[in-house]
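Take a look at the letters that make up each chain.
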Amino acid sequence: MFLWTVVDGSQFRPFLLYERYAFIPSAIAAGEWWRIFTATFVHQGWMHILFNLFWIYVFAPPLERYLGKGAFLGLLVAGVAGTVFFLLSTSEAAVGASGIDFALLGYYVFLLRRKPYWLDAQSRSILIAVAVLGAVMTLLVPGVSVAGHAGGFLGGFGYAALWNRRGR
């Protein structure tokens, strides 16, 4: 999707990028339902996509091994669903996979609270630092989707609570 926006020229014109692909609640309400999906895969610039890919590269594999492929896919869906729920409650426009990133973080925070033995002490320290930094950046950096990050986090945390309730 990122390459498509480079080819169609919208990657270099943020207004056009948002006009065509962003998650815009009023546009979705008017029938442009594809925006629920395209917004996750569209990013506003190279740094945005690289940060999201790095986050997924670092934090997703251990959870996928822990959960298995099917349950991990469920976590990703829960992250997107949480993001969609929160974004629909605002007029905010958004692009990017940060909701999924924060769903992973939400699952990890649940594990830190309920199964701290799952991670070694150094990994726990890194996750706490990442969680604090993620919250601070979400609140302080202009243009960051607070609703998208919060929705993704709560989707991941809620999924973790349901999944781990089953005795896992």
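Refer to the structure above for everything that follows.
Residues numbered from 1 in each chain as written. Predicted model: local features only at pLDDT ≥ 70, side-chain atom pairs only at ≥ 80, totals over all residues. Heavy atoms only, no water.

Asks: Give me the lowdown on the overall build of the chain, citing residues and values where you can.
Replies: Counting its secondary structure elements, the chain contains nine helices and zero strands. Seen in sequence order, the chain has helices and strands lined up from the N terminus as α-α-α-α-α-α-α-α-α. Taken against the 2.2 N^0.38 rule, which gives 15 Å for 168 residues, the C-alpha radius of gyration of the chain at 16 Å falls within 12% of a compact globule. Overall size of the chain, expressed as C-alpha extent along the three principal axes, is 50 × 30 × 30 Å. The proportion of buried residues among the 168 residues of the chain is 44%. Taking all contacts inside the chain whose residues are at least 6 apart in sequence as the whole, residues at least 24 apart take part in 71%. Accessible surface for the chain amounts to roughly 9400 Å². Of this, 71% is attributable to carbon and sulfur atoms. Within the chain, the 7 negative side-chain charges are centred at a point lying 14 Å from the centre of the 12 positive side-chain charges. (Helix = DSSP H or I, 4+ residues; strand = E, 2+ residues; numbered from the N terminus. Rg over C-alpha atoms; globule rule 2.2 N^0.38 Å. Buried < 20%, exposed > 50% of the residue type's maximum accessible area, 1.4 Å probe, protein only. Contact = heavy atoms within 4.5 Å. Areas by Shrake-Rupley, 256 points an atom, 1.4 Å probe, with all protein chains shown as cover. Lys, Arg positive; Asp, Glu negative; His and termini not counted. Charge placed at Lys NZ, Arg CZ, Asp CG, Glu CD.)

Asks: Let's hear about the side chain of Thr 40: which residues, and what values?
Replies: Turning to its location among the elements, Thr 40 is positioned in helix α4 (residues 35-41). Judged by relative accessible area, which is 13%, Thr 40 ranks as buried. With near-sequence residues (within four places) excluded, Thr 40 lies in contact with Gly 96, Ala 97 and Ile 100.

Asks: Which residues make up the pattern of salt bridges, and what values go with them?
Replies: One pass over the structure, following the stated rule, counts two salt bridges. Put simply, Arg 35 and Glu 32 hold a salt bridge, and the shortest N to O gap is 2.6 Å. Classification of Arg 35 as buried rests on a relative accessible area of 4%. Of the charged contacts, one joins Lys 69 and Glu 64 as a salt bridge, the two residues approaching to 3.2 Å between their closest N and O atoms. (Salt bridge = Lys/Arg side-chain N within 4 Å of Asp/Glu carboxyl O.)

Asks: Mind laying out the packing of helix α5 (residues 46-67) against helix α7 (residues 98-114), listing which residues take part and the relevant values?
Replies: Remark: α5 packs on α7, axes separated minimally by 9 Å, with the N-to-C direction vectors making an angle of 40 degrees. In terms of orientation, α5 lies oblique with respect to α7. For the pair α5 and α7, the crossing hand works out as left-handed. Residues His 48, Asn 52, Trp 55, Ile 56, Phe 59, Ala 60, Pro 62, Leu 63, Tyr 66 and Leu 67 of α5 touch α7, and the partners they reach there are Ser 98, Ile 100, Asp 101, Leu 104, Leu 105, Tyr 107, Tyr 108 and Leu 111. Along the lines of polarity and charge, the residues of the contact of α5 with α7 split into 14 nonpolar, three polar and one charged. (Axes fitted to C-alpha atoms, helices over the stretch in contact; angles between N-to-C directions. Parallel < 35°, antiparallel > 145°, perpendicular 65-115°, else oblique. Left-handed = near helix turned anticlockwise from the far one by under 90°. Nonpolar A, V, L, I, M, F, W, Y, C, P; charged D, E, K, R; others polar.)

Asks: Please provide a residue-by-residue account of the packing of aromatic side chains, values included.
Replies: Working definition: an aromatic ring pair is given by the centre-to-centre distance plus the angle between the planes. Counted according to the given criterion, the structure contains 14 aromatic pairs. Considering the side-chain rings of Tyr 107 and Tyr 159, the 6.4 Å spacing of their centres and the 50 degrees angle between planes classify their relative orientation as tilted. Here the residue Tyr 107 occupies a position in helix α7, and Tyr 159 occupies one in helix α9 (residues 146-165), the gap between them amounting to 52 residues. Here Tyr 159 falls in the buried class, since its relative accessible area comes to 16%. (Phe/Tyr/Trp six-rings, centres within 6.5 Å; stacked < 30°, edge-to-face > 60°.)

Asks: Got a sec to walk through the environment of Gly 31? Specific residues and values, please.
Replies: Mapping Gly 31 onto the fold places it in the loop between α3 (25-29) and α4. Exposure remark for Gly 31: the relative accessible area of 40% places this residue in the partly exposed category. Here the alpha-carbon distance between Gly 31 and Gly 74, two residues 43 residues apart in the chain, equals 26 Å.

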